[in-house]
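# Understanding the architecture of this molecule
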Amino acid sequence: MASPSILPADVLLSRRVQEMVINGEGPESLYICRDEKEAQDVPSPLAPIPIIDLSLFSSSTLSTKREEELQKLKSALCSWGCFQAIGHGIPSSFLDEIRQVTTEYFEQPVEEKKKYSKGVEDVEGYGGDPTPEEGQFLDWQDRLFLTAYPEDLRDTKFWPESPKSFRKVLDYYTTKMRTVTELVSKSMAKSLQLEENCFLNQFGERAALQVRFNYYPCCQKPEIVLGLKPHADGTGYTIILQDDVEGLQVLKEEHWLIVPTIPNALLVLMGDQMEIMTNRMFKSPVHRVVTNKEKERTSIAVFYTPEKHKEIGPEEGLVNEERPRLFKKVKDYDITHWEYYQRGMRALHTAEI
Ligand SMILES: O=C(O)CCC(=O)C(=O)O
Ligand SMILES: [Fe+2]
């Protein structure tokens, strides 16, 4: 396969995938990352990712029922590293609303979206990865990346003013995500027989919520590109709202399996930092996104990451003779993760003892 030609970063960044599709341009070499033979593979089966009802974790639930659900949660995270959360308390009408403003944002003329363009060195804003490192390929996607929490770290120059309700909707979604992360973090701790606030304490009060709005245009040759290259997240964990188009896949025992789309579910997916904090009890799964010829896809991924400069490490309660300490204490792991990600590599080994 030809290695990609290197164009100046600002040129790459100024050409969005969506525009190329509108102009009828096919994937050029920079995006071609697989050969067609792989496309003749048998279609990927659906991943039977456990569905967890978060409402059962409330104190009003019968304790046996609650205990059962906690066990289900633990088993899901030990084997899959993710689960589909229902009963999270966010009305389905609101999930539809945030999906709607996301679609509306990406459907706007490119000049409107480019008002929020990220610069070559920026993390936040509208665009894609700027410079592929040697041997790396570009993802068949456009995205908008924003810090939503802590509020004083919001850079509102990247927050779209159109569609009109975008900011208000994102603000409300952030509040809801704060509630969900609190409940999920406490439940994960309880499922491991740990003190319920232990993960919340490691994340810290100023743990970040960053939102990545992903837009994957259709592709005439979906078998030779990827919407998002294989990776594990550098977060604590990530909460993904999919639309009704399949595309996200998880790697399980060397097979790619499709993550089912469930209208009102949130996919909660462990990142490397939960694998560190749980001393590898919970797995941070490798995942990727594929595209298709007929339907564009959007997803909204919320990255929940420990507070800046805060040290995290394995919970003492999960270190014992049978399970010796596997990781050192680390801080700002997401930065190391990003450096490795750009080279198409995992960073978790840098935290290992
Ligand atoms: O689009 C998706 O469903 C997944 C997105 C994802 O993995 C990411 O943004 O890190
Ligand atoms: Fe991801």
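Residues numbered from 1 in each chain as written. Chains lettered and ligands numbered in written order. Predicted model: local features only at pLDDT ≥ 70, side-chain atom pairs only at ≥ 80, totals over all residues. Heavy atoms only, no water.

## Section: the overall build of the protein chain
We apply this condition: Note on conventions: DSSP H or I runs of at least 4 residues are helices, E runs of at least 2 residues are strands, and numbering of each starts at the N terminus. C-alpha atoms define the radius of gyration, and 2.2 Å times the number of residues to the power 0.38 defines the globule rule. For every residue, the accessible area (1.4 Å probe, protein chains only) is compared with the maximum for its type, and the residue is labelled buried under 20%, exposed over 50%, or partly exposed between those bounds. Only the protein chains shown count as cover for residues, with accessible areas throughout obtained via the Shrake-Rupley method and a probe of 1.4 Å. The charge count includes Lys and Arg as positive and Asp and Glu as negative, but it does not include His or the ends of the chains. A charged residue contributes its charge at one atom only: NZ of Lys, CZ of Arg, CG of Asp or CD of Glu.
For the protein chain, the count of helices and strands is ten helices and twelve strands. The globule rule puts the C-alpha radius of gyration for 353 residues at 20 Å, and the 20 Å found for the protein chain is close to it. Expressed along its principal axes, the backbone C-alpha trace of the protein chain runs to roughly 60 × 45 × 40 Å. Buried residues in the protein chain amount to 54% of all 353 residues. With the model as given, the accessible surface of the protein chain reaches about 16,100 Å², and the carbon-plus-sulfur share is 51%. Each charge class in the protein chain can be summarised by its mean position, and for the 43 positive and 56 negative side chains these summaries are 2 Å apart.

## Section: the pattern of salt bridges
Where side chains of opposite charge bring their charged atoms close, a pairing between them can arise. Heads up, the condition is: Put simply, a salt bridge is a Lys or Arg side-chain nitrogen that is within 4 Å of an Asp or Glu carboxyl oxygen.
On inspection of all chains with the given rule, the structure shows 15 salt bridges. In this structure, D171 and R154 form a salt bridge, with 3.0 Å as the shortest nitrogen-oxygen distance. You can see D171 sitting in helix α7 (residues 166-191) and its partner R154 sitting in the loop between β4 (142-149) and α7, a full 17 residues away along the chain. On the basis of relative accessibility, which here comes to 32%, the residue D171 falls in the partly exposed class. K252 is paired through a salt bridge with E253; the nearest N and O atoms lie 4.0 Å apart.

## Overview of the packing of aromatic side chains
So the rule is basically this: In this scheme Phe, Tyr and Trp rings, the latter by its six-membered ring, pair at centre separations within 6.5 Å, and the angle between planes marks the pair as stacked below 30 degrees, edge-to-face above 60, and tilted otherwise. By the criterion adopted, a ring carries a charge over it if an Arg CZ or a Lys NZ lies within 6 Å of its centre and within 35 degrees of its normal.
Taken as a whole, this structure holds 13 aromatic pairs when the rule is applied. With 6.2 Å between their ring centres and 35° between their planes, F94 and Y173 make a pair best called tilted. Taken together, the residues F94 in helix α5 (residues 92-107) and Y173 in helix α7 connect sequence positions 79 residues apart. Here F94 matches Y173 in class, with each residue buried. Note on F145 and F303: the rings are 6.0 Å apart at their centroids and 40° apart in plane angle, and the pair reads as tilted. Taken together, the positions of F145 in strand β4 and F303 in strand β12 (residues 297-305) put the pair 158 residues apart, joining distant regions of the chain. Grouping aromatic residues by their ring pairs yields a cluster made of Y105, F106, Y126, F166, F213 and Y215. Taking the ring centre of W80 as reference, the NZ or CZ of K252 above it sits at 4.7 Å. Geometry around Y340 places R343 over its ring, the cationic atom sitting 4.7 Å from the centre.

## Here we look at the UniProt feature "domain: Fe2OG dioxygenase" (unreviewed entry) in the protein chain
This is how the line gets drawn: UniProt positions are given in the numbering used here, feature names are shortened, and annotations may be inferred rather than shown by experiment.
Per the UniProt record, "domain: Fe2OG dioxygenase" (unreviewed entry) is annotated on residues 207-306. Secondary structure across residues 207-306 comprises 6% helix and 45% strand; the distance between its end C-alpha atoms is 5 Å.

## Examining unusual backbone geometry
Glycine aside, the phi torsion of most residues is negative, and most peptide linkages are trans. A cis geometry characterises the amide bond from Y149 onward to P150, with omega recorded as -5°. Relative to the assigned elements, P150 resides in the loop between β4 and α7. Omega for the peptide link from S162 to P163 comes to 0°, which places this bond in the cis form. With respect to the element layout, P163 can be found in the loop between β4 and α7.

## A closer look at the pairing of strand β9 (residues 255-258)
A regular strand carries its side chains on alternate faces of the sheet. Our working rule: Following DSSP output, two strands are said to pair if at least two bridges run between them.
Bridge analysis of strand β8 (residues 248-252) against β9 gives four bridges, and the strand direction is antiparallel. When the bridges of β9 are listed, Q249 appears paired with I258. The turn joining β8 and β9, which pair antiparallel and follow one another in sequence, is formed by two residues; a positive phi near 45° is taken by E253.

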